[in-house]
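Overview (structure and organization)
The chain contents come next:
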Number of protein chains: 2
Amino acid sequence: MALFESKFKNSLKTSVPLLDKIMHYIIKRKGKQMRPLFVFLTAKLFNNVNESTYTAASLIELLHTATLVHDDIIDEANFRRGVFSINALWKNKISVLVGDFLLSRGLLLAVENEQYQLLKIMSTAVKEMSEGELLQIEKTRRLDITEEVYFEIIKKKTAALISACCEAGAASTNAHKNDILKMRSFGEKAGIAFQIKDDLFDYTQNPLIGKPTGIDIREKKMTLPLIYTLNNSDKKTRAFIINTIKNDSKNSKKIEQIINIVKEKKGLEYAKNKMELFVNEALKILKEFENNESKSSLINLVEYVVKREK
Amino acid sequence: MALFESKFKNSLKTSVPLLDKIMHYIIKRKGKQMRPLFVFLTAKLFNNVNESTYTAASLIELLHTATLVHDDIIDEANFRRGVFSINALWKNKISVLVGDFLLSRGLLLAVENEQYQLLKIMSTAVKEMSEGELLQIEKTRRLDITEEVYFEIIKKKTAALISACCEAGAASTNAHKNDILKMRSFGEKAGIAFQIKDDLFDYTQNPLIGKPTGIDIREKKMTLPLIYTLNNSDKKTRAFIINTIKNDSKNSKKIEQIINIVKEKKGLEYAKNKMELFVNEALKILKEFENNESKSSLINLVEYVVKREK
């Protein structure tokens, strides 16, 4: 990971002073780097971490950072929370351009290293991610989401990239085509479980404020616990939930009520069970590979996905 | 162009309904398609329009559309003009994602057709364009721009893509490396002239309102006519211009005064002369190629750049 970080830093060099400052900030606030970990561990599963693996990890981290920066664009949610300012509007344009810069840096990295298979994997992932986010926006506006559409959204917006990590990690070792596809499928299952866990956080104790945040509900994001609850409630309860989300989402008491209804109706258990199902499917795929150190690490990583407290 | 348009339309297909609606709108409001024209005419200069040329033109138009969509992000300028609304904020997130989708479609098109040289040309262009826009934002905030920096900005934010059109057009015909570089340089000169012309519009009669708009000045964008004027004014005039832009940019009378100062100091003539210089350099490069129909068309296209009334 140290070698990776120094290579990653190098890829962020630019001659534009403003951009240079922002890149510095990006390097400093780096996250848990779960995605590069998936790349390296998958490559190690095939006993072969090489130059292409590093390129893949860097490209994916650049791309992931680009989507985080693009996600920073202010939207209705920020507006409601009142952090909106002229300065935030400046930030808007800058965020879009910095995201585009990161994206192009990533592509150039792959092109310069002639990693064309990696390019295909990543272009597909970017396409799926933007489609997934747009599908979510569309459904958010209409509040008519089904479980089927929920899974389509999280498969595209989240699982596509983790799936690409594992596919690219395997491809970097010139693994057999079938093995590459298996690892791609492994990443997809793990990614879906990761997003279900993320969505569950909206309903569970937040250590900072001592209660669930309910932010997703306020932002009209219908996730699995709520979708299940709506499908298993009487007409009156359903109407209360939908009306609150549609017209009264600033009412904290009512949002709290919705969270309690979801808990009563066992929406959280339902989502947790689904998550475990995907975890088990992911682990089942791993069983087909020989035991080694990185296989154990991959198992740990998947278990971390469902056990983490944030 | 008809064949190109049908291929381009095809590349915009998606399974997400919201996205599909937006793509439909994008196809309908299509612009003058100057960039694909540069690609096709350059390829025809080498007597060889082929499948790769179509891929290049589609990728470039997708990319150009992506940057237009990303440019639609609301910023300080929109805010000032009062078109700002919650709905505009929705649009913000959507614009970013639609832009990313278009970008990834373009990349996939190149990857699927194994156009790796094209990918390198385009990734470099995207990187330069975002760097150019960010440099402009940085300088806009500080109001300390020199002529040298102005040319660096327009070379990156505008000329890089037109240059990429000509480079990709030539490369699609497997032209000789030197000829590819010549055409890339031709595109750069034409692109710089195009942007100087665009910047001049801020100072010339706008048929819709009967006078210059001065929008660039209000938005603190320092372009060539103004930079020249600042360098050739006395201390008092310079202070008046800088103070107005910094603190009083909503004062239409003072903005009009600045426009008049620029005209008096011959800032427009200066910019026009510079533009002609780049046009001549571009045409000089063309002279090195044999005469044919598309060479005449390229000459016409470059002359259109400087003669157009918008």
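That block above? That's the structure.
I will try to describe carefully the structure that is included in this document.

**Overview of the overall build of chain A**
Of the regular secondary structure elements, chain A holds 15 helices and zero strands. In terms of principal-axis extent, the alpha carbons of chain A reach across some 60 × 50 × 30 Å. Considering chain A as a whole, with its 310 residues, one finds that 47% of them fall into the buried category. Look at the contacts in chain A between residues 6 or more apart in sequence, and 73% of them connect residues 24 or more apart.

**Digging into the relation of the copies chain B and chain A**
Each copy of the sequence occupies a distinct position, and chain B is placed on chain A by a rotation of 180 degrees and an axial shift of 0.0 Å, giving an RMSD of 0.0 Å. Overall, the copies show the geometry of a two-fold rotation axis. Of the C-alpha atoms belonging to chain B, the one lying closest to the rotation axis is found on V96 of chain B, 3.5 Å away. A symmetric contact is evident, with 100% of the interface residues of chain B recurring at the interface of chain A.

**Brief notes about the nonpolar core**
Judged by nonpolar contacts, the single largest core of 180 residues is most densely connected at M122 and A193 of chain A together with A193 of chain B. Residues within four places of A193 of chain A in sequence aside, it is in contact with M275, F278, V279, A282, V305 and V306 of chain A.

**Things to note about the interface of chain B and chain A**
Between chain B and chain A, the residue contacts involve 41 residues of the former and 41 residues of the latter. No other element matches the 16 residues that helix α6 (residues 86–112) of chain B contributes to the side of chain B that touches chain A. When the residues that make up the side of chain B that touches chain A are grouped by side-chain class, the tally is 24 nonpolar, seven polar and ten charged.

**A few points about unusual backbone geometry**
The phi angle at K220 of chain A is positive, at roughly 65 degrees, despite the residue not being glycine. Here K220 of chain A shows up in the loop between α10 (215–218) and α11 (224–231). Here K220 of chain A falls in the partly exposed class, since 18 other C-beta atoms lie within 10 Å of it. Even without a glycine there, the phi angle at E114 of chain B is positive, about 55 degrees. Its location among the elements puts E114 of chain B in the loop between α6 and α7 (116–142).

**What about the packing of helix α12 (residues 235–247) of chain A against helix α13 (residues 252–264) of chain A?**
All names here are of chain A. The N-to-C vectors of α12 and α13 enclose an angle of 140 degrees; their axes lie 10 Å apart at closest approach. Judged by the inter-axis angle, α12 sits oblique to α13. Helix-helix and strand crossings are classified by hand; for α12 and α13 the assignment is left-handed. Across the interface between the two elements, T237, I241 and T244 of α12 pack against K254, I258 and I261 of α13. Of the residues in the contact of α12 with α13, the class split is three nonpolar, two polar and one charged.

The rules behind each value
- Residues numbered from 1 in each chain as written.
- Chains lettered and ligands numbered in written order.
- Predicted model: local features only at pLDDT ≥ 70, side-chain atom pairs only at ≥ 80, totals over all residues.
- Helix = DSSP H or I, 4+ residues; strand = E, 2+ residues; numbered from the N terminus.
- Buried ≥ 20, exposed ≤ 12 C-beta atoms within 10 Å, placed from the backbone.
- Contact = placed C-beta atoms within 7 Å.
- Least-squares fit on C-alpha atoms with pLDDT ≥ 70 in both.
- Core = buried A, V, L, I, M, F, W, Y, C linked by C-beta atoms within 7 Å.
- Nonpolar A, V, L, I, M, F, W, Y, C, P; charged D, E, K, R; others polar.
- Axes fitted to C-alpha atoms, helices over the stretch in contact; angles between N-to-C directions.
- Parallel < 35°, antiparallel > 145°, perpendicular 65-115°, else oblique.
- Left-handed = near helix turned anticlockwise from the far one by under 90°.

Function cannot be read off these values alone, since they describe shape.
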